[in-house]
Amino acid sequence: MKLFVGIGGAVATAFLLASACGIAQADSVLDNWRFDTGSGGLVTASLHATNKLITGGGALSYSPVLTIACRANGEPRWSEWLQLNDAVSASRTITVSVTVDKASKLNESWSVGPRGRTLVRDGADGIRRLVSADRLLLSWRFGLLSGRGEADFDLAGFSEAVGQIASTCNTELP
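Residues numbered from 1 in each chain as written. Predicted model: local features only at pLDDT ≥ 70, side-chain atom pairs only at ≥ 80, totals over all residues. Heavy atoms only, no water.

So, about the pattern of salt bridges. The final tally for this structure, using the stated rule, is 6 salt bridges. Put simply, Glu80 and Arg121 hold a salt bridge, and the shortest N to O gap is 3.9 Å. Remark: Arg121 occurs in strand E9 (residues 118-122) and Glu80 occurs in strand E6 (residues 78-83); sequence separation between them is 41 residues. Across the pair, Arg121 and Glu80 agree in class, each one buried. For Arg121, a relative accessible area of 14% corresponds to the buried category. Residues participating in the shared-partner salt-bridge network are Glu80, Glu108, Arg121, Asp125 and Arg129. (Salt bridge = Lys/Arg side-chain N within 4 Å of Asp/Glu carboxyl O. Helix = DSSP H or I, 4+ residues; strand = E, 2+ residues; numbered from the N terminus. Buried < 20%, exposed > 50% of the residue type's maximum accessible area, 1.4 Å probe, protein only.)

The following block contains the structure:
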């Protein structure tokens, strides 16, 4: 009987450790995401690209940032944007090549934000296509002679991040 209790205790301990590791692993999925609630009901989650871009001067490098956003009391309800350190030369819209999970490339028109350092795409469809994805690759031209930029994102935790934003934003999932 003593052996059974010892084995039972070991099994219970192993079960507790496995449960705790599972919880820690679930929390670590969102560790790369940064959440924010801004004024006017804007709720965001941001993720740095896994790659680096060299700045125009060539001395520094940075990772572009993908942000998904929900507006609690406004339209469009859902948006995604790409934050850059170097400006693109386009003034209103820019063509961004989008590849989700190594599927075929899609070209989309994204709006160019203030000072050309933010590329924006409004609508829930952009968020919806990424919920079950593992990777996102975005590619764009900085200018006619400036070359291309590329941002590669590991989307681990994306569906959880969208769920957290939707809950905070008090809206349905896209």
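Time to look at the packing of aromatic side chains. Applying the stated criterion across every chain yields a total of 2 aromatic pairs. When the centroid spacing of 5.8 Å and the interplanar angle of 65° are considered together, the rings of Trp33 and Phe158 count as edge-to-face. With a gap of 125 residues between them, Trp33 in the loop between helix H1 (2-29) and strand E1 (34-37) and Phe158 in helix H3 (residues 158-169) connect regions that are remote in the sequence. Note on Trp140 and Phe142: the rings are 5.8 Å apart at their centroids and 70° apart in plane angle, and the pair reads as edge-to-face. Given a relative accessible area of 0%, Trp140 falls into the buried group. (Phe/Tyr/Trp six-rings, centres within 6.5 Å; stacked < 30°, edge-to-face > 60°.)

A word on the side chain of Glu80. Residue class for Glu80 comes out buried when judged on its relative accessible area of 1%. In contact with Glu80, not counting residues within four places along its chain, are Leu66, Thr67, Ile68, Trp110, Leu119, Val120, Arg121, Gly126, Ile127, Arg129 and Leu130. (Contact = heavy atoms within 4.5 Å.)

There is a polar contact of 3.1 Å between the side chain of Arg121 and the side chain of Glu108. A distance of 3.0 Å separates a polar atom in the side chain of Arg121 from a polar atom in the side chain of Asp125. The residues contacting Arg121, other than those within four sequence positions of it, are Ser79, Glu80, Glu108, Trp110, Gly126 and Arg129. (Polar contact = N/O pair within 3.5 Å; in protein donor to acceptor, adjacent residues only side chain to side chain.)

We now examine the state of the cysteines. Tallying each qualifying case throughout the model produces 1 disulfide. Put simply, Cys70 and Cys169 are joined by a disulfide, and their sulfur atoms are 2.1 Å apart. One disulfide, between Cys70 and Cys169, carries an S-S torsion of -80° and so falls in the left-handed class. Of the two residues, Cys70 sits in strand E5 (residues 65-71) while Cys169 sits in helix H3, which places them 99 residues apart along the sequence. (Disulfide = S-S within 2.5 Å.)

Here 9 strands make up an open sheet; going across it, the order is E1-E2-E5-E6-E9-E8-E7-E10-E11 and the pairing antiparallel. The open sheet has two edge strands, E1 and strand E11 (147-154), and neither has a second partner. Going from strand to strand, the sheet's axes swing by 30° on average, the running direction of each strand aside. Relative to strand E8 (residues 106-112), strand E7 (residues 93-100) runs antiparallel, the two sharing 6 bridges. Its bridge partner being in E8, Val98 is matched across the sheet by Leu106. (Pairing = 2+ DSSP bridges. Axes fitted to C-alpha atoms, helices over the stretch in contact; angles between N-to-C directions.)

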